[in-house]
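Spelled out, the chains give:
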Amino acid sequence: MGGHHKKNLRAEKAKVKLKGAKLPKGLNVTKTDFKVRKIEIREQLKESSLLSINGQRQLNLKETLSRLKHHNQKFRTDALRNVRDAVKLGQAEHLIGHLNELFQGIAGGALDMERDVRRESFKTLDVLLEALPTQAVVPFFHIIAAYLRCAMTHVQPAIQEDSLLLLDVLLQRVPSRMLAERSASTIIGHFIDMISRARHDTQHTNRLLTVRLGQGQGQGQQTTIKWRTKVLLRLQQILGTLLEQHGSRSGSGSIKTTTTRVVHFDAKNPQFYNVLSPLQVDSRGVHVMLGERLRQADDQQLRGYVEQLMPLLQDNWLEVRPQQQGQQGQQQLLLNVDAAESLHVLLDIMAQLWQLVLHYESMQQEHTRHLSNWMRQTFAASFMRNFLKDCSYPYQRIPVVVQPPSSRSKKKRKQHPSQGELCIAQNLSLVQLICHFYPQPEEAQREDYGCLLVYINQCLRQLQELSPDEQLRLVAALRALLLDNGASLLQLQAHQMGSVMSNCIDEYVQQHYTTREGVATRMLNLLCLIVQRRQLYEGYGGEAQFATFLNYLPQLLLKPSVADATLTAMSTLCRQQNGVFMFALAENAFQVLANLEQLQVTGDASNDDNRRFENQKRILNLFYYARQKSDSQRLQVALKHLEEHGSERIASYFKCLLSYD
């Protein structure tokens, strides 16, 4: 090795060395008098970048999108946080051109094996959907829906569990119409697969409940009951989106919601009144017009929901409910917390299925009832046996010892409807469902309905202690009992039905129904509908029963607003020559006419002057009948006051009305 080194030294010495003289002073300075040209980068060539946060390196959008699919967990998590922070800082408009890759990367996090990445992807998707307009999300919604379906059917239980969180984001941020139209039916099928599996034996149902041994990361084991309750709670929300979609569809384009056209006579112009019948658009399919029997998509799909869900819901309740042991048949069995929550969700889903079925049948021009009749024939007996006969009604929950709130946290937690010890929400939902299953009760159901009516009377006595949600359920149960099934129940339980009606009227007149959530308005509409039906009106006791309500009814015209349905009921009472109401109206004639111009009619689509005058004439027409129960002097005084302080058009119309025979 030493010889080789000497050779290198000799080669270095043999090289020719160039030695130059040093430059004079002043000539060894770099010249700076040359001109430079600025380098310009065009706008379209600039790469969009995300803002640097917390001193981190600034990343452009392309690099961030690539990191969403990085093999490193930290890189994926940081990329999701960068996107979320950028959207919060107002950069959502810069992402419009990259939504395809963005949704692919963010929604793909739902299938990630790491729990932290999945949770970060749900948070980022929540922020992104909140910032973007709906029109920008619609073309890419199929991407999110595809990843949701993959997560719901994943082999890993943890990913299946977290897929419910992704569904929560969509339920909160995506319009219900888009969610229901595009993937509601598929999601419902996956919900059913989450808690059951197909069976191939000869049993009465083709689904069997599955047992889940929860392996929630960081949360310990999760019981099968809690898992089913979580799944069914989301299923209830999905069915709610279907109900909203059907409600909006019936509200627009339905023949029943056609507004009345008011035409004023004009002798100078030709007018067409269409007196015989309004024009109706035939929305039936071609196969219906031709008499062909083809498969109805909505009918079969809805029937499939009911066929799969109703047996599963009842089987779930049979596993959860407390079991009778020995001679304890007469003892009140209390539900535990899980059973009370499960019962609340099960009954709400059944009620939603009934609403979907009844709404579908109401929209059919043939007015068919084959789907509801099939439900009653198939599930009525088992429902009555499993939820009422074999259980101790009304349900109650085991009291739970709640620790008093600390001095630091003075906020009161909002109590869920299923968390009450008396289980009021569950018991009222059960009343409504039994009315759906047995609309024409027979002698065999006399005792069952008697038990329900006793409980309804108890709820009416403690009405002021009920929450707004519980009062809403109470009004729905009263509508099913008193209006829908009233004629048949009056033959079985006349005394109990009269007692319930008396308590309803007393509570309404005393204004114990809350005005929140429209509870008082719904109760008023129910009473008005009952009063308009001669058979129910006479069956409940006629004027002797409704005297308090009929005397109170004209006072509604003294308030700032009155419902359109209430005016219709008043007109019906006048045409029926109801003496109690007409006398009360005549007694308040002066106050009603003084408040006429300030009174607003709610529930009317148009607000123009002509329509407002038509509503005022509807109120004035009531006095055409009520003048029979009042002396003419009182009405003349009211007319004089109206001429002095009111509108000339209203005064002249009222004057002509009083002089007309």
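Per-chain numbering applies: the sequence of each chain, read as written, is numbered from 1 onward. Since the coordinates come from a predicted model, pLDDT governs what is reported: local features require at least 70, and pairs of side-chain atoms require 80 or more to be given and counted, while whole-chain, interface and lining totals use all residues. To obtain the side-chain values, all non-hydrogen atoms of the structure were included, while hydrogens and water were left out.

### With respect to the overall build of the protein chain
Right, on to step 1. Along its length, the protein chain carries 28 helices and 4 strands.
Right, on to step 2. The long-range share in the protein chain, meaning contacts at least 24 apart out of those at least 6 apart in sequence, stands at 72%.
Right, on to step 3. A total of about 38100 Å² of accessible surface is found on the protein chain, and carbon and sulfur atoms cover 50% of it. By definition, any uninterrupted DSSP run of H or I lasting at least four residues is a helix, any uninterrupted run of E lasting at least two residues is a strand, and each is numbered from the N terminus. By definition in these notes, contact holds between two residues if any of their heavy atoms fall within 4.5 Å. Calculation of accessible area relied on Shrake-Rupley with a 1.4 Å probe; when residues are assessed, cover is drawn exclusively from the protein chains displayed.

### So, the pattern of salt bridges
Right, on to step 1. Just to be clear on terms, a salt bridge is a Lys or Arg side-chain nitrogen sitting within 4 Å of an Asp or Glu carboxyl oxygen. Per the counting criterion, the structure on display carries 20 salt bridges.
Right, on to step 2. Salt-bridge contacts for Asp348 lead to Arg473; the nearest nitrogen and oxygen are separated by 3.0 Å. Of this pair, Asp348 sits in helix α13 (residues 337–363) while Arg473 is found in helix α17 (residues 468–484), placing the two residues 125 residues apart along the sequence.
Right, on to step 3. Buried, partly exposed and exposed residues are distinguished by accessible area as a fraction of the type maximum, computed with a 1.4 Å probe on protein chains only: under 20%, between the cut-offs, and over 50%, respectively. Given the relative accessible area of 16%, Arg473 is considered buried.
Right, on to step 4. One salt bridge in this structure joins Asp469 and Arg473, with 3.1 Å as the shortest N-O distance. Of this pair, Asp469 and Arg473 both sit in helix α17, separated by 4 residues, roughly a single helical turn.

### A few points about the confidence of the model for the protein chain
Right, on to step 1. Mean pLDDT over the protein chain works out to 80, with 80% of the residues at or above the 70 mark.
Right, on to step 2. Confidence of the predictor in every single residue is expressed as pLDDT, which spans 0 to 100. Confidence over residues 290–296 falls short of pLDDT 50; this stretch has 6 contacts with residues more than four positions distant or in other chains.

### Some words on the side chain of Gln352
Right, on to step 1. Along the chain, Gln352 turns up in helix α13.
Right, on to step 2. Dropping the residues within four chain positions of it, Gln352 is found in contact with Gln236, Leu239, Gly240 and Leu243.

### Structural notes on the packing of helix α16 (residues 446–461) against α17
Relative orientation and spacing of two packed helices are given, respectively, by the angle between their axes and the distance between those axes.
Right, on to step 1. All axes are obtained by fitting lines to C-alpha atoms, using only the stretch in contact for helices, and the reported angles, taken between N-to-C directions, cover 0 to 180 degrees. Where α16 meets α17, the closest approach of the two axes is 11 Å, and the angle between their N-to-C directions is 140°. Our classification of the angle between α16 and α17 gives oblique. With respect to the hand of their crossing, α16 and α17 are arranged in left-handed fashion. Counting all contacts with α16, which are made through Tyr449, Leu453, Ile456, Cys459 and Leu460, the residues of α17 involved are Leu474, Ala477, Leu478 and Leu481. For classification purposes, angles smaller than 35 degrees are called roughly parallel, those larger than 145 roughly antiparallel, those between 65 and 115 roughly perpendicular, and all remaining angles oblique. For any pair of crossing helices, the crossing counts as left-handed if the nearer helix is rotated counterclockwise from the farther one by less than a right angle, and right-handed if it is rotated clockwise.

### Here's the deal with unusual backbone geometry
Trans is the common state for peptide bonds, and a negative phi is the common state for residues other than glycine.
Right, on to step 1. The step from Tyr393 to Pro394 runs through a cis peptide bond, and the omega angle for that step is 0°.
Right, on to step 2. As for its position among the elements, Pro394 is in the loop between α14 (370–389) and α15 (424–437).
Right, on to step 3. Its identity as a non-glycine residue notwithstanding, Gln511 has a phi of 60°, on the positive side.
Right, on to step 4. The residue Gln511 is located in the loop between α19 (494–509) and α20 (519–532) in this model.
Right, on to step 5. Since its relative accessible area comes to 53%, Gln511 is described here as exposed.

### A short note on the environment of Gln432
Right, on to step 1. Here Gln432 is to be found in helix α15.
Right, on to step 2. The spacing of Gln432 and Leu347 is 85 residues in sequence and 9.8 Å in space, taken between C-alpha atoms.
Right, on to step 3. Sequence-distant contacts of Gln432, defined by excluding residues within four places in its chain, comprise Ala476 and Ala480.

### Some remarks on the environment of Arg177
Right, on to step 1. Counting through the fold element by element, Arg177 comes out in helix α9 (residues 176–195).
Right, on to step 2. Distance in space between the C-alpha atoms of Arg177 and Leu242 is 7.8 Å, their sequence separation being 65 residues.

### Details of the packing of aromatic side chains
Right, on to step 1. The pairing test for Phe, Tyr and Trp rings, Trp by its six-membered ring, is centres within 6.5 Å, and the orientation test on the planes gives stacked under 30 degrees, edge-to-face over 60, and tilted for anything in between. All told, the structure shown has 15 aromatic pairs when counted by the stated rule.
Right, on to step 2. Each ring, one from Trp374 and one from Phe379, has its centre 5.8 Å from the other, and the planes form 85°; the classification is edge-to-face. Across this residue pair, the class does not change: Trp374 and Phe379 are buried.
Right, on to step 3. Only lysine NZ and arginine CZ atoms are considered, and such an atom sits over a ring when it is within 6 Å of the ring centre and within 35 degrees of the ring normal. A cation over an aromatic ring shows up here: Arg303 above the ring of Trp374, its NZ or CZ 4.2 Å from the ring centre.
Right, on to step 4. Over the face of the ring belonging to Phe613 we find Arg649, whose NZ or CZ atom lies 3.9 Å from the ring centre.

### Side note on the environment of Asn336
Right, on to step 1. As for its position among the elements, Asn336 is in the loop between α12 (297–320) and α13.
Right, on to step 2. Along the sequence, Asn336 and Glu421 sit 85 residues apart, while their C-alpha atoms lie 9.8 Å from each other.
Right, on to step 3. Those residues in contact with Asn336 that sit more than four places away from it in its chain are Arg397 and Ile398.
Right, on to step 4. We define a polar contact as two N or O atoms separated by no more than 3.5 Å, with the added condition that, inside protein, one atom must be a possible hydrogen donor and the other a possible acceptor, whereas residues neighbouring each other in sequence contribute only through side-chain atom pairs. A polar side-chain atom of Asn336 sits 2.6 Å from the main-chain amide nitrogen of Ala339.

### Here's the deal with the packing of helix α4 (residues 99–107) against helix α7 (residues 141–152)
Right, on to step 1. Running from amino to carboxyl end, α4 crosses α7 at an angle of 15°, the nearest separation of the two axes being 9 Å. It follows from the interaxial angle that α4 and α7 lie roughly parallel. Note that α4 runs across α7; the crossing there is right-handed. In this structure, α4 uses Asn100, Phe103, Gln104 and Ala107 to contact α7, whose residues at the interface are Ile143, Ile144 and Tyr147.
Right, on to step 2. We call Asp, Glu, Lys and Arg charged. Ala, Val, Leu, Ile, Met, Phe, Trp, Tyr, Cys and Pro are nonpolar, and the rest, Gly among them, are polar. Taken together, the residues of the contact of α4 with α7 sort by class into 5 nonpolar, 2 polar and no charged.

### Details of α4
Right, on to step 1. Within α4, burial applies to Leu99, Leu102, Phe103, Gly105, Ile106 and Ala107.
Right, on to step 2. Those residues of α4 hidden inside the fold are in contact with α2 (61–67), α3 (73–88), α5 (115–131), α6 (134–137) and α7.

### Regarding α14
Right, on to step 1. For a helix, the expected span equals 1.5 Å multiplied by the residue count minus one. Between its first and last C-alpha atoms α14 spans 27 Å; for 20 residues at 1.5 Å apiece the expected length is 28 Å, and the two agree.
Right, on to step 2. The bend reported for a residue corresponds to the angle between axes fitted to the seven residues ending at that residue and the seven starting there. At Phe379, α14 shows its strongest bend, of approximately 50°.

### Here we look at the nonpolar core
Right, on to step 1. If you look at the biggest cluster of nonpolar residues, it comprises 177 residues, and the most contacted ones within it are Phe191, Tyr395, Ile456, Leu478, Tyr513, Phe549 and Leu557.
Right, on to step 2. Among the elements that take part in this core, α13 stands out by supplying 14 residues, more than any other.
Right, on to step 3. Apart from residues no more than four positions distant in its own chain, Tyr513 is found in contact with Leu460, Leu463, Gln471, Val475, Leu478, Cys504, Glu507, Tyr508, Val519, Ala520 and Met523. Only buried residues count toward a nonpolar core. Its members are Ala, Val, Leu, Ile, Met, Phe, Trp, Tyr and Cys residues joined through side-chain atoms within 4.5 Å.

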